[in-house]
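Remarks on the overall topology
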Amino acid sequence: VDVPPELIEGLTLLSDALDDPVMDLEAILSVLTDDLVSAIPSYLGLIITLHIDGHPIIVSTLDGASNGRARASLMLSLAPHGPAAAAGSVAFYSGAAGAFIELADDARWIFNLTGPPVLDRHLTGGRNEFEPAGIRGLTAHTDVNQAIGVLIEEGHTPDGARNELARRSARSGRSVPETALQLLDDIAPPDGAAEV
Amino acid sequence: MAGQDHESEPDPHAGPPRAADDAALANSLAGLDALSTGTLDLTEMLTQVATFAVQAIPGADGAGLTLLEIDRADLIVKSEPFVRAIDEIQYGIGEGPCISAAASGETKRSGQLGDDDRWPQFGPRASELGVHSALSLPLLVSTGVIGAMNVYAHAPNSFDERAQQLGERYAVSAALAVQNAQILEQAARLVGQLQAGVHGRALIDQAIGVLRRRYGLTADEALQELRELSEKRKISLNATATSVVDDAVERFAQRSRPPAGC
């Protein structure tokens, strides 16, 4: 089980955004993957879900090759971390039934777990098929924040810009990311653009 | 020769009877199964594992755990303050029973550290601190050694064959608990750093939006400008983005303020 190439670019992008120059998200994921394969030979992959400003960002190492193969899952909900103040969860998948029972049992000591470990719930309701590996939701997140930057430059405070975007979204009947993308497409050429 | 494995003579006064040993081991293994819920970080959890080791192994006065971590400095915890001093000597000079146990994947036992010719530098220094016995147990999982558990005693010849057997039995369960703890801690760390990365990315994207609006740049051009500013100012990309956004907010706030004296 390797880190899928589709994921590496997104992880590099997010690593660059960290204040710590030695922090490497791909390296952390690689070590975690190695440890999981060592402990659980039937390990297939993981899906991390972050909820940022009401929008999910999903990091998945699983793809269609794992469709129909998952026989066990373990989901851990983790408390918000640092200034992001966003809730997150991680779900592990395995091809062997019962593979996560011991890990779930040991998970109860984790200091920032916000609920009990959940075993196998992700296998119900047709959730045994996976979208391509990668990071989903990041493009919409990028559009929304660039649009907020545009509105800040037009005189809004950061909170005011967020509210203005929500107001335009409600008025147009489009989603916030769609509204943000439209706003970015409509950026007027500046008058006498100066040097940065 | 002093200090060979299995060489120490059992001290008839050193340990409790066999049934009591088994009960102590059972209690410690039960302790591993009953670690506090939702309150520990990895270091605290490992410290509990070391503390239970002292209870499980007759003759032990203190214990420490060393984890070999691929992407970080080795993590070392201890049940008693004196263990840190001993382990610092060991890791400072790169010689000692724990290092030998981790390297070989085999238990190392000594009852006369001061005279043990396997560790000619470490042994005398540990002995000077009043620690004469050591039992170092590798933490083994299916793929190899993930660390070692170091159990120490002040008295000479504190660990006999029976203590070693109990220690090895405890180490099997401890290794699995430690491996799971590493997985869980690494998963929490990944989620946390992803959250921080997404938050940092939001700041960078806001700064890109500011520069796009101000100078009519594409997103790629704006990001390049941010990178060049970051290098020029010798601050992180994240800090550069924060300053660009703050400057934009402040610029407008200044324009909105009435002139001084009005």
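Residues numbered from 1 in each chain as written. Chains lettered and ligands numbered in written order. Predicted model: local features only at pLDDT ≥ 70, side-chain atom pairs only at ≥ 80, totals over all residues. Heavy atoms only, no water.

A word on the interface of chain A and chain B. Between chain A and chain B, the contact holds 64 residues from the first and 66 residues from the second. For the pair chain A and chain B, the number of links is four salt bridges. Among the salt bridges present, the one from Arg227 of chain B reaches Asp16 of chain A, with a minimum N-O distance of 3.9 Å. Taken together, the links from chain A to chain B amount to twelve residue pairs in polar contact (both at pLDDT 80 or more). Per-class residue counts for the side of chain A that touches chain B are 44 nonpolar, ten polar and ten charged. (Contact = heavy atoms within 4.5 Å. Salt bridge = Lys/Arg side-chain N within 4 Å of Asp/Glu carboxyl O. Polar contact = N/O pair within 3.5 Å; in protein donor to acceptor, adjacent residues only side chain to side chain. Nonpolar A, V, L, I, M, F, W, Y, C, P; charged D, E, K, R; others polar.)

Let us look at the nonpolar core. The biggest cluster of nonpolar side chains holds 39 residues, and the ones touching the most others in it are Ile48, Val90, Phe92 and Leu103 of chain A together with Leu194 of chain B. No other element matches helix H6 (residues 161-215) of chain B, which puts eight residues into this core. Each residue touching Ile48 of chain A, except ones within four places of it in the same chain, is listed here: Ile57, Ile58, Val59, Ser89 and Val90 of chain A together with Leu190, Val191 and Leu194 of chain B. If you look at the next biggest cluster of nonpolar residues, it comprises 34 residues, including Leu25, Leu139, Met149 and Val178 of chain B. (Core = buried A, V, L, I, M, F, W, Y, C linked by side-chain atoms within 4.5 Å. Buried < 20%, exposed > 50% of the residue type's maximum accessible area, 1.4 Å probe, protein only. Helix = DSSP H or I, 4+ residues; strand = E, 2+ residues; numbered from the N terminus.)

Residue and element names in this part refer to chain B. Interhelical geometry of helix H2 (residues 42-56) versus H6 gives an angle of 175 degrees and a closest axis separation of 11 Å. Overall, the two elements H2 and H6 adopt an arrangement that is roughly antiparallel. Contacts between H2 and H6 involve Leu42, Met45, Leu46, Val49, Phe52, Ala53 and Ala56 on the former and, on the latter, Leu166, Tyr170, Ala174, Ala177, Val178, Ala181, Gln182 and Glu185. Looking at side-chain class alone, the contact of H2 with H6 contains 13 nonpolar, one polar and one charged residues. (Axes fitted to C-alpha atoms, helices over the stretch in contact; angles between N-to-C directions. Parallel < 35°, antiparallel > 145°, perpendicular 65-115°, else oblique.)

Take the sheet that holds strand E3 (residues 72-78) of chain A next. Residues and elements named next belong to chain A. Pairing in this open sheet of six strands is antiparallel, and the strands run E5-E3-E4-E1-E2-E6 from one edge to the other. For this open sheet the edge positions go to strand E5 (118-119) and strand E6 (134-136), each flanked by a neighbour on one side alone. Bridging between strand E1 (residues 43-52) and strand E2 (residues 55-60) involves six bridges; their strand directions are antiparallel. By the bridge assignment, His51 is partnered in E2 with Pro56. (Pairing = 2+ DSSP bridges.)

Bringing the pattern of salt bridges into the picture now. Pairing of side chains with opposite charge becomes possible as their charged atoms draw close. One pass over the full model with this rule turns up twelve salt bridges over all chains. Note that Arg136 of chain A is salt-bridged to Glu131 of chain A, the shortest N-O span being 3.4 Å. Taking relative accessible area as the criterion, Arg136 of chain A reaches 24% and is therefore assigned partly exposed. By sharing partners, the salt bridges in this structure join Glu153 of chain A together with Arg214 and Arg251 of chain B into a single network.

This paragraph deals with the environment of Asp143 of chain A. All names here are of chain A. Checked against the element boundaries, Asp143 lands in helix H4 (residues 138-153). Spatially, the C-alpha atom of Asp143 lies 9.3 Å from that of Gln182, the residues being 39 residues apart in sequence. What Asp143 contacts, discounting residues up to four positions off in sequence, is Pro177, Ala180, Leu181 and Leu184.

Residues and elements named next belong to chain A. Tallying each qualifying case throughout the model produces two aromatic pairs over all chains. Each ring, one from Tyr93 and one from Phe130, has its centre 5.1 Å from the other, and the planes form 80 degrees; the classification is edge-to-face. Taken together, the positions of Tyr93 in strand E4 (residues 87-94) and Phe130 in the loop between E5 and E6 put the pair 37 residues apart, joining distant regions of the chain. Each of the two residues, Tyr93 as well as Phe130, counts as buried. (Phe/Tyr/Trp six-rings, centres within 6.5 Å; stacked < 30°, edge-to-face > 60°.)

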